[in-house]
Amino acid sequence: MPALSACANILPNPTSQTPLPCGSTNSKATGNSTHLPQPNCRKYVCRTRHKGPWHCHTPALASSIHELLHAGQYPQLEKLLAAATSAGRRYAQDEEAFFHLLVRDGDTLFADGAASYQRLRAWRDAFPQSAQACLLEAAYWQYCYHRLTVTPDQGSPQAQLSSRQAAASVAHFCSDLLLVAVLAALERDPGLWIAPALALFHIGEYHPAEPYFDLWLAELLAGRTEEPQRSSPYNDQLADDAAECAGVARLLAQIGLPADAELAFPRLRPAALPAVEIASSVYDDGGVADDDVEADQQHAAPVITAPEPQGLWQKLRQSLGAKSPSVLQVHLDGSNSWQLDYWLHVAQSVHPQIFCVLPARAWHLDDAALQSWLDSRELAGLNPEQRHIVAFPLSCRWLDANTGISYDPDAQADSDTVFERLNHELDKPLRPGQRQFLLLQILDEMSPDNPDHRDFAEALISTGPIRHGLSATRIAMAQCWLYQFALAHDCDWLPATLELAVRERANTTAMLLYAWLAQTGRGGFCADAVVAEHWYAEVARLAPHTDDWDWIAQILADADAETFCRIGADLGNPQCASFLARRVLAGRASGSREDVIRWLESDRAGNARELLQCYSEAFASTDDAAQRATLLASVAELVHVLIENADLVDRRGKTLRRLLPLLPRLDDETLLEEMLGELEAESEDCAPAMLAIAAIRGNVRSGSQHDYRDGVRWLLAAEACDAALCDTPEYSAVLAAVFECDADARARLASTRAEISPEELPFA
């Protein structure tokens, strides 16, 4: 395969402070969609494929918006956004592209974070009547909300700034800011169809179990705003917690707001919006929905009603003229259903042919409601491709229920039925992301020796870079298998695919493999240590604890895996350190016991068994009192971690078996008391837990926890629970250290055994 000069230089990114991956001289790696192979799939794959270009991502427009905003060229930016809005009204493809740009391309639009927001405010101050400025500010708050609600990687910059509770509080404040910006945009331009579309998408991002608090908006639309209302990023749960408030302040600074930021809700409904009447409300106790009512109503049918359903659309359109507005009834049931329907109807009123919001609404309907909607007059005008896209949640939910691990395998369809359904779905014209999801499902279900793997791999690659939004585990598993396959078969699409994924910051798996191939000069890449070092560091910055290092290491040869993980371990990734330690313990890599312990200690909870084994071996191999004291202190720290994570007693007691040889050496009474509470609660049918209790109770070093007779009682219970336990090294270690340390101890044990009747044993 001809080598691509894919690692020639680090090119500066005009829209980010972080360099892009290097360019390529091969025409197949220029980033154009023409380099992607057309799928030619055989068994299990449909013979006809939707071969249209994937067009939902418009980096050129996003970059232009960013450049004009940061250059302060507001009139040109106004014209550019107005042109995109107008084109979206006329052409379905432009509508989709502009919608996805605003809801998903924040990394490009607002690459400078707080500085981007300051320029947005400068635009609004300079042109206070600009609806497009309000719209772009709403898109900024959508970007901030998304960044705050994605669970941060432990050790990432966001995780270091604040707790998840503080992030959730600031995210909710961003939602308030977004909806107020949408209202301002519609007040200035009632025909701005993208504004209600953005509001619908945003409300749809809320999990049904944690809906957006909508009372202020409902009261505004209902004309009940006599008293001014305000919103604060400091919610009631953390307002009195100084540490949490400090975390909120740090997050506010990151997004460009002062620590004392507040938002005054508008008091007048924009004339372009239909009025509502609150028919019923669960907010009868100061603005908090009843949990039980909320749970019952999460999947309720749409709650916007009108006396004459057949005339609803006409009434909505009339209301936009504000001459004789119809009043829509809404039921505030603790869910977001009414808002989703309200913004959908507003968007359809100003843009009757709008399509981009329909899939977002479909995901929040159960199967029966979605099918009813598909059969209604409202969606009668959809073409087959659009209908399949809206109906996609039906097949997606079916596949989720019938693939993967299930506690009731008999309730799942057999593999032939699953593949038949997948094949049927792939025959439909779908979005690239939807096709990508189905192909990932297939790869996950197929056996490794299936001869059709290559066809599926090429079909998956044709959907574009694998992005976020799918299961993180499935991304890692399917994508790593895909890359392993490409490297083994010299697939010429690999460099271009990785370059696209890295340019879009699609996921850290692609970034890591890009760095590794740049470092080694394999897979069609030219060796470039500078490029490799940059992307390793970028992954360490974005996701310092990501598992993706481990996934890639598993597809490499032993020597390469060791080299790769040493890089990750040096950057502080605990998965790499654990990988190296386990390889050394398995005899597949080189390293001292001290190295192994240091690597394992990077993730104490995840490596507890291996770590305890190493501590035991290290303790037995030295007579130095200081070294032994240090080892026992490390054991005590590990036990604290296990207790905090409720991992001290697993189902088979495997962790305890590794701890038992060292347990008699521990003498921290507070720690032993905590251990006893955990052990006694989980000891039924767990012989190692019973033996651990015996080791603590019978040991004179346990201080106030010492009760010799009770210790023997638990020892007998452990023997009765599992006779095979008596043949294990950990049983012998406990006996030698506690109950049979000398001849007198053995005599005492025999005497006490004879005194205890079977009825006295725990769980007798």
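Keep in mind it's a predicted model, so treat the numbers as computed, not measured.

Cut-off values and rules
Numbering of residues starts from 1 in each chain and follows the order in which that chain's sequence is written. Per-residue local features are limited, in this predicted model, to residues with pLDDT of at least 70; the limit for side-chain atom pairs, both in listing and counting, is 80 or more; totals at the level of whole chains, interfaces and linings are taken over all residues. Only hydrogens and water are set aside; all other atoms, that is, all heavy atoms of the structure, feed into the side-chain values. A helix here means a DSSP run of H or I that spans at least four residues, while a strand means a run of E at least two residues long, and both kinds are numbered starting from the N terminus. Partly exposed residues are those whose accessible area sits between 20% and 50% of the maximum for their type, while under 20% is buried and over 50% is exposed, using a 1.4 Å probe and protein chains only. Residues count as neighbours in contact if any of their non-hydrogen atoms are within 4.5 Å of one another. The Shrake-Rupley method, run with a 1.4 Å probe sphere, supplies the accessible areas, and residue values consider only the shown protein chains as cover. Residue types Ala, Val, Leu, Ile, Met, Phe, Trp, Tyr and Cys, when buried and joined through side-chain atoms within 4.5 Å, form a set referred to as a nonpolar core. Each pair of aromatic rings taken from Phe, Tyr and Trp, with Trp reduced to its six-membered ring, is defined by centres within 6.5 Å and is described as stacked if the planes are under 30 degrees apart, edge-to-face if over 60, and tilted in the remaining cases. Either the NZ atom of lysine or the CZ atom of arginine qualifies as a charge over a ring when it sits within 6 Å of the ring centre and within 35 degrees of the ring normal. Axis lines are fitted through C-alpha atoms, for helices just across the contact stretch, and the angle between N-to-C directions can take any value from 0 to 180 degrees. Here is the rule for angles: anything less than 35 degrees is roughly parallel, anything more than 145 is roughly antiparallel, 65 through 115 is roughly perpendicular, and the remaining ranges are oblique. Crossing handedness: left-handed means the near helix sits turned counterclockwise from the far one by under a right angle, and right-handed means the same turn made clockwise. The residue classification treats Ala, Val, Leu, Ile, Met, Phe, Trp, Tyr, Cys and Pro as nonpolar and Asp, Glu, Lys and Arg as charged. All others, Gly included, are polar. Like-charged residues are merged into a patch within 9 Å and nonpolar side chains (Val, Leu, Ile, Met, Phe, Trp, Tyr) within 5 Å, provided each residue has over 30% relative accessible area and no salt bridge. Salt-bridge detection follows one rule: a side-chain nitrogen of Lys or Arg within 4 Å of a carboxyl oxygen of Asp or Glu. In this count, Lys and Arg are taken as positive residues and Asp and Glu as negative ones, while His and the chain termini are left out. The atom standing in for a charge is NZ when the residue is Lys, CZ when it is Arg, CG when it is Asp and CD when it is Glu. A pair of sulfur atoms, both from cysteines and within 2.5 Å, is called a disulfide here. What pLDDT expresses is the predictor's confidence in each residue, scored from 0 to 100. Multiplying 1.5 Å by the helix residue count minus one yields the expected span of that helix. Two N or O atoms form a polar contact when they lie within 3.5 Å of each other; inside protein one atom must be a possible hydrogen donor and the other a possible acceptor, and for residues adjacent in sequence the pair counts only when both atoms belong to side chains.

Let's shift gears to the overall build of the chain. When helices and strands are counted, the chain shows 36 helices and four strands. By the burial criterion, 52% of the 764 residues in the chain qualify as buried. Look at the contacts in the chain between residues 6 or more apart in sequence, and 70% of them connect residues 24 or more apart. With an accessible surface of roughly 33,900 Å², the chain has 49% of that area assigned to carbon and sulfur atoms.

What follows concerns the nonpolar core. Core analysis: the biggest nonpolar cluster contains 119 residues, and Phe564, Met675, Leu679 and Phe739 have the highest contact counts within it. The contacts of Met675, once residues within four sequence positions are left out, are Val639, Ile643, Leu648, Leu659, Leu663 and Ile696. Counting 107 residues, the second largest nonpolar core, distinct from the first, contains Val103, Ala139, Ile278 and Ala362.

In this section: the packing of aromatic side chains. Scanning the model with the defined rule gives 24 aromatic pairs in all. On the numbers, 5.6 Å between centres and 20° between planes, the contact of Tyr536 with Trp549 is stacked. With Tyr536 in helix H24 (residues 529-542) and Trp549 in helix H25 (residues 548-553), the pair connects residues that are 13 residues apart, well separated along the chain. The exposure class assigned to Trp549 is buried, which follows from its relative accessible area of 1%. Here the aromatic residues Phe110, Tyr117, Tyr140, Trp141 and Tyr143 are joined through ring pairs into a cluster of three or more. Positioned over the ring face of Trp398 is Arg421, at 4.8 Å from the centre of the ring. Over the aromatic face of Phe619 sits the side chain of Arg628, whose NZ or CZ is 4.0 Å from the ring centroid.

Next up on the list: the packing of helix H6 (residues 131-149) against helix H9 (residues 194-204). In contact at an axis separation of 10 Å, H6 and H9 are set at 15° when each is read in the N-to-C sense. On the basis of their axis angle, the class for H6 and H9 is roughly parallel. Note on packing geometry: the crossing formed by H6 with H9 is left-handed. Of the residues in H9, those touching H6 at Leu135, Ala138, Ala139, Gln142 and Tyr145 are Ile194, Ala195, Leu198, Phe201 and His202. The class makeup of the residues in the contact of H6 with H9 is eight nonpolar, two polar and no charged.

Put simply, Trp549 and Thr508 are 41 residues apart on the chain and 8.7 Å apart in space, counted from C-alpha to C-alpha. Setting aside residues up to four positions removed in sequence, Trp549 forms contacts with Leu512, Tyr536, Val539, Phe564, Ile567, Gly568, Leu571, Asn573 and Cys576.

Attention now moves to a negative patch on the surface. Together, Glu644, Asp668, Glu669, Glu673 and Glu674 make up a region of like negative charge exposed at the surface. Counting residues per element, the negative patch draws most heavily on helix H32 (residues 669-681), which supplies three residues. Structurally, Glu674 can be placed in helix H32. Look at Glu674 and you get partly exposed, because its relative accessible area is 35%.

Counting across every chain of the model gives zero disulfides. Cys565 provides the cysteine sulfur closest to Cys576, a residue in no disulfide bond, and the two sulfurs are 4.1 Å apart.

Note: most peptide bonds trans; most residues except glycine with negative phi. Despite not being glycine, Ala646 has its phi angle at roughly 55°, a positive value. Along the chain, the position of Ala646 falls in the loop between helix H30 (625-644) and helix H31 (654-659). A relative accessible area of 53% means that Ala646 is categorised as exposed. With phi around 65°, Asp685 is a residue other than glycine that occupies positive phi space. Among the secondary structure elements, Asp685 is positioned in the loop between H32 and helix H33 (687-697). Asp685 gets classed as exposed once you look at its relative accessible area, which sits at 66%.

Turning next to the environment of Val327. For Val327, the location among the structural elements is in strand E4 (residues 327-332). Residues Val327 and Ala222 lie 105 residues apart in sequence; the distance between their C-alpha atoms is 8.6 Å. Discounting residues that sit within four places of it in the chain, Val327 has contacts with Ala275, Val276 and Glu277.

Here the chain shows a mean pLDDT of 79. Residues at 70 or above account for 80%. Contacts for the low-pLDDT stretch residues 1-58, under 50 throughout, to residues beyond four places or in other chains number 148 contacts. Segment residues 286-325 is flagged for pLDDT under 50; beyond a separation of four residues in sequence, or across chains, it makes 72 contacts in the model.

Bringing the packing of helix H17 (residues 384-402) against helix H18 (residues 415-426) into the picture now. At a minimum axis distance of 11 Å, the contact between H17 and H18 shows a crossing angle of 160°. Judged by the angle between their axes, H17 and H18 are roughly antiparallel. Read as a crossing pair, H17 and H18 show a hand that is left-handed. Only Thr417, Val418, Arg421, Leu422 and Glu425 of H18 make contact with H17, whose side of the interface consists of Leu394, Ser395, Trp398, Leu399 and Asn402.

We now examine the side chain of Asp560. Looking at where Asp560 falls in the secondary structure, it is placed in helix H26 (residues 558-570). When sequence neighbours within four positions are dropped, the list of residues in contact with Asp560 reads Trp516 and Arg522.

This part takes up the pattern of salt bridges. Counted by the stated rule, this structure contains 24 salt bridges. Glu205 is the partner of Arg104 in a salt bridge, and the nearest nitrogen-oxygen pair spans 3.5 Å. Of this pair, Arg104 sits in helix H3 (residues 92-104) while Glu205 sits in the loop between H9 and helix H10 (215-221), and the two are 101 residues apart along the sequence. Relative accessible area serves as the criterion here: at 25%, Glu205 is assigned to the partly exposed category. Arg709 is the salt-bridge partner of Glu760, the closest N and O atoms lying 2.9 Å from each other.

In this model, H30 (20 residues) spans 29 Å end to end at C-alpha, consistent with the 28 Å of a helix rising 1.5 Å per residue. Considered for burial, the residues of H30 that qualify are Leu631, Leu632, Ser634, Val635, Ala636, Leu638, Val639, Leu642 and Ile643. Contacts from the buried residues of H30 go to helix H29 (608-620), H31 and H32. By the N-cap criterion, in which a side-chain oxygen at the helix start approaches the backbone nitrogen of a residue two or three places on, H30 is capped by Asp624, the distance to Ala626 being 3.1 Å.

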